[in-house]
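# Fold and geometry: a report
In case you want the letters, here they are:
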Amino acid sequence: DTVEDDPKIAPDAKRVLFDGFLGCLERQEDPANFVSQSGDERLPAALELLRTLPSSHQETCVRWISELARGMAIYCLRPPGPDGMVALTTLADLERYCHFAAGTVGLLLSELFLDDVPGLPDADLLRDLGETYGRALQFVNSLRDIPSDIETGRCFVPRTACSSEGLSYRDMILPEHRAATHRALRPLYARA
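Residues numbered from 1 in each chain as written. Predicted model: local features only at pLDDT ≥ 70, side-chain atom pairs only at ≥ 80, totals over all residues. Heavy atoms only, no water.

## Some words on the overall build of the protein
What counts is decided by this rule: To qualify as a helix, a DSSP run of H or I must reach at least 4 residues; to qualify as a strand, a run of E must reach at least 2; elements of each kind are numbered from the N terminus. When accessible area is computed with a 1.4 Å probe and restricted to protein chains, residues below 20% of their type maximum are described as buried, those above 50% as exposed, and intermediate ones as partly exposed. In this description, contact between two residues means that some pair of their heavy atoms is separated by no more than 4.5 Å. Calculation of accessible area relied on Shrake-Rupley with a 1.4 Å probe; when residues are assessed, cover is drawn exclusively from the protein chains displayed. The charge count treats Lys and Arg as positive and Asp and Glu as negative. His and the chain ends do not count. For the purpose of locating charges, the reference atoms are NZ of Lys, CZ of Arg, CG of Asp and CD of Glu.
Tallying secondary structure elements over the protein gives 10 helices and two strands in all. Taken over the C-alpha atoms alone, the protein extends approximately 55 × 45 × 20 Å along its principal axes. For the protein, with 192 residues in total, the buried portion stands at 41%. Intrachain contacts of the protein at a sequence separation of at least 6 include 57% that bridge at least 24 residues. Total accessible area on the protein is roughly 10,700 Å²; 58% of this is exposed by carbon and sulfur atoms. Treating the 20 positive side-chain charges of the protein as one cloud and the 30 negative ones as another, the clouds have centres 5 Å apart.

Laid out in structure tokens, this is it:
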């Protein structure tokens, strides 16, 4: 989040930071370079704590946090459209974003629970529910944060949802377009 959500960091610089983060996480590179570039001084302590966990927990954390970081790197490179907004395109795009942003966390937690809690039934179901739950939470966040996201020049409502009602992103936050906005968002709320 430190990298993805910072509007002052250019997309290409974000990609470099994600690569640096992955180097620290996956290849145990010295985090000093990442800290100096990002200003986030928490990573060394987090990595130190990670290295104290049992190896199975470390592997699980590295696997799913790496997938999350790679996904965020993909989305942070998305250029603005002609309207100046960085946005998702379709419902499938939103689902994929939500997987990377939070479904991976659900999978990480499911794997840790399966590793630590004996006798949990149906591991595949737990993984599926964990990923779905995480994705759903991110989906709701994407809908809840529409006004503030639009003000920052990005939106996680797919362009197809807006165009279904002839709306621009800026239209969505105007009172005179409330009814059309509700119609455009209804399928997304139903999915959430």
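Now that the structure has been shown, we can carry on.
## Description of helix α3 (residues 43-50)
Test applied: Taking the helix axis as origin, the arc is that swept by the directions to the C-beta atoms.
When α3 is considered as a whole, its buried residues turn out to be Leu 43, Leu 47 and Leu 50. Along the axis of α3, the buried residues cluster in a sector spanning 55°; they form a single face. For α3, the exposed residues lying more than 90 degrees away from the buried face are Ala 45, Glu 48 and Leu 49.

## Here we look at the packing of aromatic side chains
Note the following rule: Each aromatic pair joins two rings of Phe, Tyr and Trp (for Trp, the six-membered one) with centres within 6.5 Å, and gets the label stacked for planes under 30 degrees apart, edge-to-face for over 60, and tilted for any other angle.
One pass over the structure, following the stated rule, counts four aromatic pairs. Ring centres of Phe 21 and Phe 34 lie 6.0 Å apart, and the angle between their planes is 55°; on these two criteria the pair is classed as tilted. Of this pair, Phe 21 sits in helix α1 (residues 11-27) while Phe 34 sits in helix α2 (residues 32-38), placing them 13 residues apart in sequence. The pair Phe 21 / Phe 34 is uniform in exposure class, with both members buried.

## Here's the deal with the environment of Val 105
For Val 105, the location among the structural elements is in helix α5 (residues 91-116). Classification of Val 105 as partly exposed rests on a relative accessible area of 37%. Sequence separation of Val 105 and Thr 52 is 53 residues, and the distance between their C-alpha atoms is 20 Å.

## Here we look at the packing of α1 against helix α4 (residues 55-76)
Where we set the bar: A fitted line through C-alpha atoms represents every axis, and for helices the fit uses only the stretch in contact; the resulting angles, taken between N-to-C directions, go from 0 to 180 degrees. Under this scheme an angle from 65 to 115 degrees is roughly perpendicular, one under 35 degrees roughly parallel, and one over 145 degrees roughly antiparallel; angles in between are oblique. By the convention adopted, Pro, Cys, Tyr, Trp, Phe, Met, Ile, Leu, Val and Ala count as nonpolar, Lys, Arg, Asp and Glu as charged, and the other residues, Gly among them, as polar.
Taken N-terminus to C-terminus, the directions of α1 and α4 make an angle of 170°; their axes are 9 Å apart at the nearest point. On the basis of the axis angle, α1 is roughly antiparallel to α4. Here Pro 11, Lys 14, Arg 15, Phe 18, Phe 21, Leu 22, Leu 25 and Glu 26 of α1 lie close against α4, whose contacting residues are Val 62, Ile 65, Ser 66, Ala 69, Arg 70, Met 72, Ala 73, Ile 74 and Cys 76. Considering only residue class, the contact of α1 with α4 consists of 12 nonpolar, one polar and four charged.

## Observations regarding the nonpolar core
What counts is decided by this rule: Buried residues of nine kinds, namely Ala, Val, Leu, Ile, Met, Phe, Trp, Tyr and Cys, make up a nonpolar core once their side-chain atoms join them within 4.5 Å.
Within the largest apolar cluster, 47 residues are counted, with the highest numbers of intra-cluster contacts made by Tyr 97, Ile 146, Val 157, Tyr 169, Met 172 and Leu 188. Contacts of Ile 146, omitting those with residues within four sequence positions, involve Cys 155, Val 157, Met 172 and Leu 185.

## Topic: the pattern of salt bridges
Short version of the rule: In what follows, salt bridge is the name for a side-chain nitrogen of Lys or Arg lying within 4 Å of a carboxyl oxygen of Asp or Glu.
Taken as a whole and judged by the stated rule, the model has 16 salt bridges. Among the ionic pairs, Arg 27 bridges to Glu 29, the shortest N-O distance being 3.0 Å. One salt bridge in this structure joins Asp 149 and Arg 154, with 3.9 Å as the shortest N-O distance. The exposure class assigned to Arg 154 is partly exposed, which follows from its relative accessible area of 24%. Salt bridges sharing partners connect three or more residues here, namely Glu 26, Arg 27, Glu 29 and Arg 70.

## As for the side chain of Glu 95
With respect to the helices and strands, the residue Glu 95 is situated in helix α5. The buried category is assigned to Glu 95, whose relative accessible area is 14%. The residues contacting Glu 95, other than those within four sequence positions of it, are Arg 135, Phe 139 and Arg 191.

## Brief notes about the state of the cysteines
To keep it simple, the criterion reads: Any pair of cysteine sulfurs within 2.5 Å is marked as a disulfide.
The full count for this structure, using the stated rule, is zero disulfides. Looking at Cys 98, it has no disulfide partner, and the nearest cysteine sulfur is the one in Cys 155, 12 Å off.

## Observations concerning unusual backbone geometry
Only a minority of non-glycine residues have a phi that is not negative, and only a minority of peptide bonds are not trans. Its identity as a non-glycine residue notwithstanding, Gln 28 has a phi of 55°, on the positive side. Among the residues examined, Gln 28 registers a relative accessible area of 55% and is labelled exposed. Positive phi, close to 45°, is recorded for Asp 122, a residue that is not glycine. Here Asp 122 lies in the loop between α5 and α6 (123-144).

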